Each structure stands twice: as structure tokens, then as C-alpha cells.
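The residues making up each chain are set out below.
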There are 2 protein chains.
Amino acid sequence: MSDKNATRKWRQMFQIQEDAQVSYSSFRPDSTPGLDSKEEGLALLNKNTAQINDLQERLYAEGKQALLVVLQAMDTGGKDGTIRAVFGPLSPLGVRVTNFKAPCGRELTQDYLWRVHLAVPGKGEIGIFNRSHYEDVLIARVRELAPKDVIKQRYRQINDFEAYLSENNIRIIKFHLCISKEEQRERLLSRLQTSEKNWKFSHGDLAERALWNDYEDAYEQVFRHCSSVIAPWYVIPANKKWYRNAVVSQIVLETLQDMKPQFPAAPADLDQVVID
Amino acid sequence: MSDKNATRKWRQMFQIQEDAQVSYSSFRPDSTPGLDSKEEGLALLNKNTAQINDLQERLYAEGKQALLVVLQAMDTGGKDGTIRAVFGPLSPLGVRVTNFKAPCGRELTQDYLWRVHLAVPGKGEIGIFNRSHYEDVLIARVRELAPKDVIKQRYRQINDFEAYLSENNIRIIKFHLCISKEEQRERLLSRLQTSEKNWKFSHGDLAERALWNDYEDAYEQVFRHCSSVIAPWYVIPANKKWYRNAVVSQIVLETLQDMKPQFPAAPADLDQVVID
């Protein structure tokens with residue numbers, strides 16, 4: 001599973017092509033292409049983690065480029081779990097997670113990309129967006145928080161913004177963790193029935209769930225307008241957590257490999273140094 | 001001088017048209033078109049200030065749009081003096097000045113527009129940039145802090161950024177306070193000879209002065225690539241401080257008038273309110 005051809009095929013399999021008109025119903029959230037069992041998935045995740053760890057250290061030492069990982073999903077889609085599983089094992093020194101909740105305070109008086117730009121990773125960092133500027137074309141579209149023509153303008157604004165980041169050595173990958181509506185039902189029930197998960201349940205989740213089809217439409221628009229070679233969307237089958245984690249780690253790994261981070265040159269004459 | 005036709009003619013006179021190839025040598029920093037004396041200039045500034053004050057209060061109360069004023073000039077060009085004269089009389093409640101000095105600390109690890117976006121005015125505010133992102137295509141070009149193709153890319157990135165801001169209700173006007181090289185000599189001498197001004201003198205100023213022609217070239221590129229209807233550059237003759245202040249205030253005033261800020265509707269039934 002881990003040979004180069006197989007993994008390349010994976011990225012291709014999940015990447016939304018530029019200007020592609022994808023139908024949300026074509027996604028298979030329950031599928032696990034390329035991996036036959038949970039054991040195989042965990043093994044791949046473990047193997048990838050060691051390599052990601054190594055590459056992250058180089059990225060940090062190099063201090064010349066950054067990786068921005070955008071995570072979007074329907075409620076219960078598994079963003080928190082993915083962050084814990086894939087990025088938890090890394091040193092937090094160079095990894096920064098930003099949660100984008102409903103804007104509040106000064107965020108409300110500023111332009112919508114203000115808080116997003118503020119959180120963009122610096123050189124040497126991996127930045128993880130737990131939700132992102134895409135909320136401004138997802139919930140904003142579904143809940144009509146902005147007029148249609150404003151939403152349309154935002155697709156271009158977001159593309160311009162991501163092009164700018166990319167040209168400034170910030171590599172962008174965007175994941176949609178794709179679960180089925182049935183799977184969401186199971187996970188919401190589990191939040192109701194498990195006391196340790198109760199805190200994650202919000203009555204608002206049901207209102208959003210009722211708008212499932214509208215969110216599917218909004219995601220289709222996002223994929224159509226805002227996936228590109230420089231900032232691709234990957235739609236990951238995410239009903240099976242082990243599969244989701246393995247594939248996200250795989251794509252993060254391949255992206256970091258593409259970035260080829262290098263340790264800086266050693267200071268001169270290290271062999272002359274005497275430490276008394 | 002203050003009738004509408006005259007002032008419209010002024011804006012037109014100083015605005016760089018989109019894609020125009022202007023030659024820096026065509027500017028007349030010593031001229032004072034439209035105003036015949038210092039007294040006339042001070043009278044206009046005073047008159048404008050009262051109106052700007054009124055409009056700023058409306059802008060703040062309305063809380064729906066912002067004004068961003070970019071100030072760029074050669075050293076000693078008069079940015080600080082303009083800020084004091086034109087914006088000093090306003091309430092600092094809704095006016096925020098940001099000084100962009102050489103980037104340091106975290107600014108250096110972030111993309112170059114990061115600190116700029118962070119400082120963009122919120123709704124209801126007037127933001128003043130004392131230097132700006134244009135340093136990244138001015139000194140960066142002259143001092144070769146970035147490769148030529150990167151500088152070229154930045155013109156487009158800046159245009160995209162400003163288009164985004166403009167579409168998000170942030171009106172942008174950009175002033176180049178244009179002094180002659182002779183005038184700079186006088187002002188630098190005055191900084192050397194006046195003890196209260198000594199602190200403003202830096203030996204680095206002379207090194208920059210030696211690159212005067214390169215800065216002229218860099219400004220010509222900026223005016224050619226980054227002046228547009230939505231974010232125009234105004235080149236203001238600035239050898240005479242009274243003239244510079246009057247014209248900047250005039251253009252700020254006209255811009256605010258264009259923006260038509262309105263007090264929000266009063267709460268209902270104010271006439272029923274009893275205060276005991």
C-alpha cells in the first residue's frame with residue numbers, strides 16, 4: 001500500500017480537479033479504497049507519522065516555507081479526531097491549530113479574511129485550520145448571512161488570497177472529511193448517550209442537520225470554484241475513522257515530501273569547535 | 001476654491017490614471033495649483049476639518065464601512081506632519097494610525113501582507129498607514145530585498161488585496177507626498193541644525209537619498225501597476241506644507257462625502273421615553 005504508485009493514485013483519487021463540477025452524491029463516505037482493514041490503516045498511519053515527524057523537524061529548522069492544512073466537515077465529521085490522530089504526535093513547537101468559531105468581538109468589525117490571515121502559519125510552521133474562511137461561503141450561503149452576489153465574489157477573493165499565500169511559500173491543502181447523513185446520526189446519538197461526549201452535543205447541531213442538503217450544495221460550489229493545483233481540495237471518505245486518519249496522514253506526508261524541507265547548512269568549521 | 005467643480009478638477013489633477021505610464025520628472029512638487037497663498041490654504045484646511053469631523057462621526061456611528069489612507073513619501077516628505085495636520089483634529093476613537101517600520105520579530109516569519117492586513121481598519125474606522133505594503137515594492141525593489149519577478153508578482157498581489165478590501169467596504173486612497181530632492185536637502189539640513197529635530201535624523205537617510213533616482217523609478221512602477229479607480233494614487237505637490245495639508249484634507253473630505261456615511265436609524269418610540 002505504501003509504494004509510490006499506489007499513494008499517487010490515492011491523491012489523484014481524492015483530489016477535486018480545477019473547475020470540476022462534482023456532485024456530492026458521487027462521494028462514498030463509507031468506502032475504504034486502497035486499504036483492506038483497520039489494522040492496515042493503523043499501520044500506515046504509524047509509518048506515516050514517523051516520516052511526518054522527521055519532515056516537520058526539517059521544515060521548522062529550514063524556516064523558509066509553511067504548510068497550511070484546512071479541515072472542513074459536516075458536524076461530527078471528525079475534524080478534532082483527525083487533528084489528534086495525525087498532528088498530535090508532532091512537536092507543538094512548530095504546529096499551530098486555529099479554531100474558527102462564529103466570529104465575535106473585533107472579528108465582527110473586520111473584513112472576513114482578517115482573522116484568517118492573522119492565523120496563517122509563519123515560515124517553518126504547520127498551521128491547521130479547524131474550520132476556516134470556507135465557513136464564509138458555507139454557513140454564510142446556507143444561512144444567507146450574505147447576499148448571493150457577495151458569496152460569489154468571495155470564491156474569487158478566496159482564490160486570490162490562496163494564490164497570494166501559495167506564492168509566498170505557504171503550501172495549502174484542504175480536506176473535506178466526508179461522512180454520510182446516517183453516520184452523523186450515529187455520532188450524534190453517541191454524543192447524547194455517552195456522558196463524556198455530552199459536552200460536544202449542541203441543540204444547534206440538529207438545526208444544521210436539517211439543512212444537510214443545502215450544505216451539500218454549498219460544498220459542491222466550493223469544490224467547483226475553489227479547488228486548484230496550488231490549493232487542492234481532497235474529499236476523504238470519513239465514516240471509518242481509521243481510514244480517514246490514514247489517508248489524511250498519507251496526503252500530508254506526500255505534500256511535505258513535495259516541499260522538500262532541508263536542514264540549513266551547518267555553521268562553518270564545526271570540527272574545530274572545542275567545548276571545555 | 002471650494003465649489004464642486006474646482007475640487008473635482010483637483011482630484012482629477014492629482015490622480016494617477018489606471019495603467020498610466022507617468023514619469024516622475026513630470027511632477028511639480030513646488031507648485032500650488034488652485035491655491036494662491038498660504039492663507040488660502042490654511043482657510044481651506046480649517047473649513048475641510050470641520051466637515052471631515054462631522055463625516056467621521058457619522059462613519060463611526062454607522063459602523064458599516066471604513067476608510068484606509070495610505071501615506072508614502074521620500075524621507076522628510078511630510079507624512080508625520082500630514083497626519084498631525086489633517087487627522088490630528090479628529091477623535092482618536094475612530095482613527096487609528098499604523099507605522100510600518102522595517103519588519104521585525106514575528107513579522108519577519110510571516111508573509112509580507114500579514115502585518116498589513118492585521119492593521120486594516122474595522123468598520124466605522126479611519127485607518128492611516130504611515131508607510132505601508134508599498135514598501136515591499138519600493139525599498140524592496142531599490143535595495144533588491146526580493147528578486148525582480150517576486151516584486152512583479154507583488155503588484156498583482158497588492159491589487160488583488162486592495163480589490164478584496166474595497167469589495168468589503170473599505171475605501172482606499174493612497175497619497176504620495178511629492179517633494180523635490182532640493183527640498184529634501186533643506187529638510188535634512190534643518191534636522192541637523194535644530195536640536196528638537198535632531199532625533200529625526202538618521203545617517204541611513206543619506207544612503208537612501210543617494211538612491212533618489214532608483215526610488216523615482218520604483219514609484220513610477222507602483223503608479224503604473226497599482227493605481228485604479230477603486231484604490232487610486234494621488235501625487236501631491238508637497239514642498240509647501242500648507243498646500244500639501246490643504247489638498248490631502250480636500251481629497252479625504254471628498255472621499256468621505258462619496259462614502260455617504262449615515263447615522264443609524266434612531267431606536268423606535270424615542271418620544272415615549274421617560275427618564276425619571
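Definitions and limits used
Residues numbered from 1 in each chain as written. Chains lettered and ligands numbered in written order. Predicted model: local features only at pLDDT ≥ 70, side-chain atom pairs only at ≥ 80, totals over all residues. Heavy atoms only, no water. Least-squares fit on C-alpha atoms with pLDDT ≥ 70 in both. Contact = heavy atoms within 4.5 Å. Axes fitted to C-alpha atoms, helices over the stretch in contact; angles between N-to-C directions. Helix = DSSP H or I, 4+ residues; strand = E, 2+ residues; numbered from the N terminus. Parallel < 35°, antiparallel > 145°, perpendicular 65-115°, else oblique. Left-handed = near helix turned anticlockwise from the far one by under 90°. Nonpolar A, V, L, I, M, F, W, Y, C, P; charged D, E, K, R; others polar. Core = buried A, V, L, I, M, F, W, Y, C linked by side-chain atoms within 4.5 Å. Buried < 20%, exposed > 50% of the residue type's maximum accessible area, 1.4 Å probe, protein only. Patch = residues over 30% accessible without salt bridge, like charges linked within 9 Å, V, L, I, M, F, W, Y side chains within 5 Å. Areas by Shrake-Rupley, 256 points an atom, 1.4 Å probe, with all protein chains shown as cover. Salt bridge = Lys/Arg side-chain N within 4 Å of Asp/Glu carboxyl O. Phe/Tyr/Trp six-rings, centres within 6.5 Å; stacked < 30°, edge-to-face > 60°. Lys NZ or Arg CZ within 6 Å of the ring centre and 35° of its normal. Pairing = 2+ DSSP bridges. Buried area = accessible area lost by both parts, 1.4 Å probe. Polar contact = N/O pair within 3.5 Å; in protein donor to acceptor, adjacent residues only side chain to side chain.

Novice: Looking at this structure, how should I read the relation of the copies chain B and chain A?
Specialist: Two chain copies here: they are related by a rotation about an axis and a translation along the same axis. Rotating chain B by 180 degrees and moving it 0.1 Å along the rotation axis overlays it on chain A with an RMSD of 0.1 Å. Viewed as a symmetry operation, the transformation between the two copies matches a two-fold axis. A symmetric contact is evident, with 100% of the interface residues of chain B recurring at the interface of chain A.

Novice: Could you clarify how one ought to interpret the packing of helix α7 (residues 148-167) of chain B against helix α10 (residues 212-226) of chain B in this entry?
Specialist: The relative placement of two packed helices is expressed as an angle between their axes plus a distance between the axes. All names here are of chain B. Between α7 and α10, the shortest axis-to-axis distance is 10 Å and the interhelical angle comes to 50 degrees. Considered as vectors, α7 and α10 are oriented oblique to each other. For the element pair α7 and α10, the recorded crossing hand is right-handed. Where α7 approaches α10, its residues Y155, I158, N159 and E162 are matched on the opposing element by Q221, V222, H225 and C226. In terms of residue class, the contact of α7 with α10 is built from 4 nonpolar, 3 polar and 1 charged.

Novice: So what exactly am I meant to see when it comes to the nonpolar core here?
Specialist: If you look at soluble globular proteins, the nonpolar side chains tend to sit buried side by side. Of all hydrophobic cores here, the largest spans 152 residues; its most connected members are F175 of chain A together with F175 of chain B. Leave out the neighbours within four places in its chain, and F175 of chain A touches V69, V70, L71, Q72, W233, Y234, I236, V248, I251 and V252 of chain A.

Novice: Would you explain a nonpolar patch on the surface in this entry?
Specialist: Residues and elements named next belong to chain A. Together, L270, V273 and I275 give the surface a local cluster of nonpolar side chains, amounting to about 340 Å² of exposed area. Secondary-structure assignment places I275 in the segment after α11 (241-259). For I275, a relative accessible area of 77% corresponds to the exposed category.

Novice: Mind showing me how you'd approach the packing of aromatic side chains here?
Specialist: Aromatic rings in a pair are described by how distant their centres are and how their planes are angled relative to each other. Residues and elements named next belong to chain A. In total, this model carries 22 aromatic pairs over all chains according to the counting rule given. Ring plane angle 75 degrees and centroid distance 4.9 Å describe the contact between Y134 and W233, whose orientation is recorded as edge-to-face. In this pair, Y134 sits in the loop between β3 (126-130) and α6 (139-142) while W233 sits in strand β5 (residues 233-237), placing the two residues 99 residues apart along the sequence. Accessibility expressed as a relative area gives 0% for Y134, which makes it buried. Ring plane angle 90 degrees and centroid distance 5.9 Å describe the contact between W242 and Y243, whose orientation is recorded as edge-to-face. The residues W242 and Y243 share a single accessibility class, namely buried. An aromatic cluster is present here, built from Y24, F27, Y134, Y219, F223 and W233 joined pairwise through their rings. For R154, the ring lying beneath its charged end belongs to Y112, and the centroid distance is 4.5 Å.

Novice: Honestly, the sheet that holds β3 of chain A in this entry has me stumped. Any pointers?
Specialist: In a beta sheet, neighbouring strands pair by backbone hydrogen bonds and run either parallel or antiparallel. All names here are of chain A. Sheet architecture is open: 5 strands sit in the order β2-β3-β1-β4-β5, paired in parallel fashion. Each end of this open sheet is capped by a strand with a single partner; those strands are β2 (95-99) and β5. Averaged over neighbouring strand pairs, the angle between their axes works out to 20 degrees when direction is ignored. The sheet contact formed by β2 and β3 spans 5 bridges and is parallel. Paired with T98 across the two strands is F129, which belongs to β3.

Novice: Mind showing me how you'd approach the interface of chain B and chain A here?
Specialist: How large an interface is tends to be reported as the accessible area lost when its parts come together. At the interface, 26 residues of chain B touch 26 residues of chain A. When chain B packs against chain A, the two sides together hide about 2100 Å² of surface, and 42% of this comes from carbon and sulfur. Applying the counting criterion to the chain B and chain A interface returns 2 salt bridges. Where E167 of chain A meets R156 of chain B, a salt bridge forms, and the shortest distance between an N and an O atom there is 2.9 Å. Summed over the shared surface of chain B and chain A, the number is 27 residue pairs in polar contact (both at pLDDT 80 or more).

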